[in-house]
Amino acid sequence: MCAAVPTATLVTSRPLDEYCGLFGLTRAALGRLGGTVLDCPGGAAGLAAEADRLGCRVVAVDPLYAVPPLRLVDLARAGRETMAEAMRTTPRLYAAPRHVRPEKYLRSWDRARRLFAADRAANPGRYVAAALPRLPFADGFFALTLSSYLLFAYPELFGPDEQLAALLELVRVTDPAGEVRVHPLHDAVGRRCPHLAALRGALGRRGVASEIVTVTSAGRARRVLVLRAASRRHRPAATA
């Protein structure tokens, strides 16, 4: 998704409400944010389209935006089927919210994929083909940066050095008064990153404060890495 088109990654179509659950955000606070949100990697998510209706501008970044739009939609459909199979065979890793059956959950992906395709066609400037660790944005451009299912999910693609470079770049393009949120902190089979403490130490030596917060949504607890420029006070996140 956000480094040179890693074909081993899953192209997902997560809706806005799933982003809120993953990162501890709310629709109301996103609408009040007053700045632009970066979604990196964006995949075929509905976040940019849905957030626009709240008055929140989102820019999605993914190297896969360089491929033909119909091809990307096909990849997202394939990702939906891969997720359906994973939820069937390893439900402990890919459980939908307890009150939502898997097929209903995946229908939310179908809707998000359709919203993505329509919004990308209507507003192509929201979707930028780029790859970590170099993003085509000025320092401090985004009020909030979200990065899901990439840097720790695929350790075969992102080793410690690549993770550090990517996280520093996400911090660079984020307003010092804002923050970067990264989830998950484990790989595809649920193994936690073994060098996360060392990685956080390296970030600290480069002026980046970090903390791990626990977000609870739909009965599930998730660990989120939150990064901020250490020398500046931060604005409240879009959580209330």
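Residues numbered from 1 in each chain as written. Predicted model: local features only at pLDDT ≥ 70, side-chain atom pairs only at ≥ 80, totals over all residues. Heavy atoms only, no water.

Colleague: Is there a simple way to think about the overall build of the chain in this case?
Modeller: Secondary structure assignment for the chain yields seven helices and seven strands. When its helices and strands are written in sequence order, the chain yields α-α-β-α-β-α-α-β-β-α-β-α-β-β. Within the span of the chain, comprising 240 residues, buried residues form 51% of the whole. Expressed as a percentage of contacts within the chain between residues at least 6 apart in sequence, the contacts between residues at least 24 apart total 73%. Of the accessible surface of the chain, which amounts to about 11,100 Å², a share of 54% is contributed by carbon and sulfur atoms. (Helix = DSSP H or I, 4+ residues; strand = E, 2+ residues; numbered from the N terminus. Buried < 20%, exposed > 50% of the residue type's maximum accessible area, 1.4 Å probe, protein only. Contact = heavy atoms within 4.5 Å. Areas by Shrake-Rupley, 256 points an atom, 1.4 Å probe, with all protein chains shown as cover.)

Colleague: Help me understand the side chain of Glu50 in this model?
Modeller: Tracing the sequence through the fold places Glu50 in helix 3 (residues 47–52). Assessed through its relative accessible area of 6%, Glu50 is described here as buried. In this structure Glu50 touches Pro15, Leu16, Arg27, Arg111 and Leu115, once residues within four positions along its chain are discounted.

Colleague: What is the right way to look at the pattern of salt bridges in this model?
Modeller: Close approach of charged atoms allows side chains with opposite charge to pair. This structure, assessed with the given rule, holds 18 salt bridges. Notably, a salt bridge pairs Asp74 with Arg77, separated by 2.9 Å at the nearest N-O pair. Residue Asp74 and its partner Arg77 are both found in helix 4 (residues 69–89); the two are separated by three residues, about one turn of the helix. Residue Arg77 is classed as partly exposed on the basis of its relative accessible area of 43%. Its salt-bridge partner being Glu169, residue Arg172 comes within 2.9 Å of it at the nearest N-O pair. A residue pair is termed a helical-turn pair when its members lie 3 or 4 positions apart in one helix, as Arg172 and Glu169 do in helix 6 (residues 160–172) at three residues. Residue class for Arg172 comes out partly exposed when judged on its relative accessible area of 27%. When salt bridges with common partners are traced through the structure, they connect Arg80, Glu81, Glu103, Asp110 and Arg113 into a single cluster. (Salt bridge = Lys/Arg side-chain N within 4 Å of Asp/Glu carboxyl O.)

Colleague: Would you take a moment to explain helix 4 for this structure?
Modeller: Because an α-helix packs 3.6 residues into every turn, residues spaced three or four apart end up facing the same way. For helix 4, with 21 residues, the first-to-last C-alpha span of 30 Å sits near the 30 Å given by 1.5 Å per residue. Close packing links the buried residues of helix 4 with helix 5 (102–122). (Expected span 1.5 Å × (residues − 1).)

Colleague: Looking at this model, I keep getting lost on the pairing of strand 2 (residues 58–61). Mind explaining?
Modeller: By the alternation rule, side chains of strand 2 split into Val58 and Ala60 and Val59 and Val61, which are all buried. Direction of pairing for strand 1 (residues 37–39) relative to strand 2: parallel, over a ladder of three bridges. Looking at strand 2, one finds that Val37 is bridged to Val58. With helix 3 bridging strand 1 and its parallel neighbour strand 2, the resulting β-α-β unit is right-handed. Relative to strand 3 (residues 127–128), strand 2 runs parallel, the two being bridged by two bridges. (Pairing = 2+ DSSP bridges. Right-handed = clockwise from strand over helix to strand, strands pointing away.)

Colleague: Even after reading the chapter, I still don't get the packing of aromatic side chains, so can you show me in this structure?
Modeller: The description of an aromatic ring pair uses the distance of the two centres, along with the angle that the planes make with each other. Under the criterion given, the structure shown has eight aromatic pairs. For the pair Tyr65 and Tyr127, a centre-to-centre distance of 5.6 Å together with 85° between the ring planes defines the contact as edge-to-face. Pair noted here: Tyr65 is in the loop between strand 2 and helix 4 and Tyr127 is in strand 3, with a separation of 62 residues, a long-range link. No difference in accessibility class separates Tyr65 from Tyr127, as the two residues are buried. Aromatic rings pair up to connect Tyr65, Phe116 and Tyr127 into one cluster. Over the face of the ring belonging to Tyr149 we find Arg14, whose NZ or CZ atom lies 4.0 Å from the ring centre. (Phe/Tyr/Trp six-rings, centres within 6.5 Å; stacked < 30°, edge-to-face > 60°. Lys NZ or Arg CZ within 6 Å of the ring centre and 35° of its normal.)

Colleague: Please explain the pairing of strand 4 (residues 142–148) as it appears in this structure.
Modeller: Note on strand geometry: in a regular strand, side chains alternate between the two faces of the sheet. Taken across its seven residues, strand 4 has seven buried, putting it largely inside the fold. Sheet topology note: the strand 4/strand 5 (residues 174–183) ladder contains six bridges and is parallel. By the bridge assignment for strand 5, Leu146 is matched with Arg181. Considered for its hand, the β-α-β crossover made up of strand 4, helix 6 and strand 5 is right-handed.

Colleague: Help me understand the packing of helix 4 against helix 5 in this model?
Modeller: How two helices pack is summed up by the angle between their axes together with the distance between the axes. Closest axis-to-axis distance for the helix 4/helix 5 pair is 11 Å, and the angle between their directions is 170°. Judged by the angle between their axes, helix 4 and helix 5 are roughly antiparallel. Residue-level contacts link Pro69, Leu72, Val73, Ala76, Arg77, Gly79, Arg80, Met83, Ala84 and Met87 of helix 4 to Pro102, Glu103, Tyr105, Leu106, Arg107, Trp109, Asp110, Arg113, Phe116, Ala117 and Arg120 of helix 5. (Axes fitted to C-alpha atoms, helices over the stretch in contact; angles between N-to-C directions. Parallel < 35°, antiparallel > 145°, perpendicular 65-115°, else oblique.)

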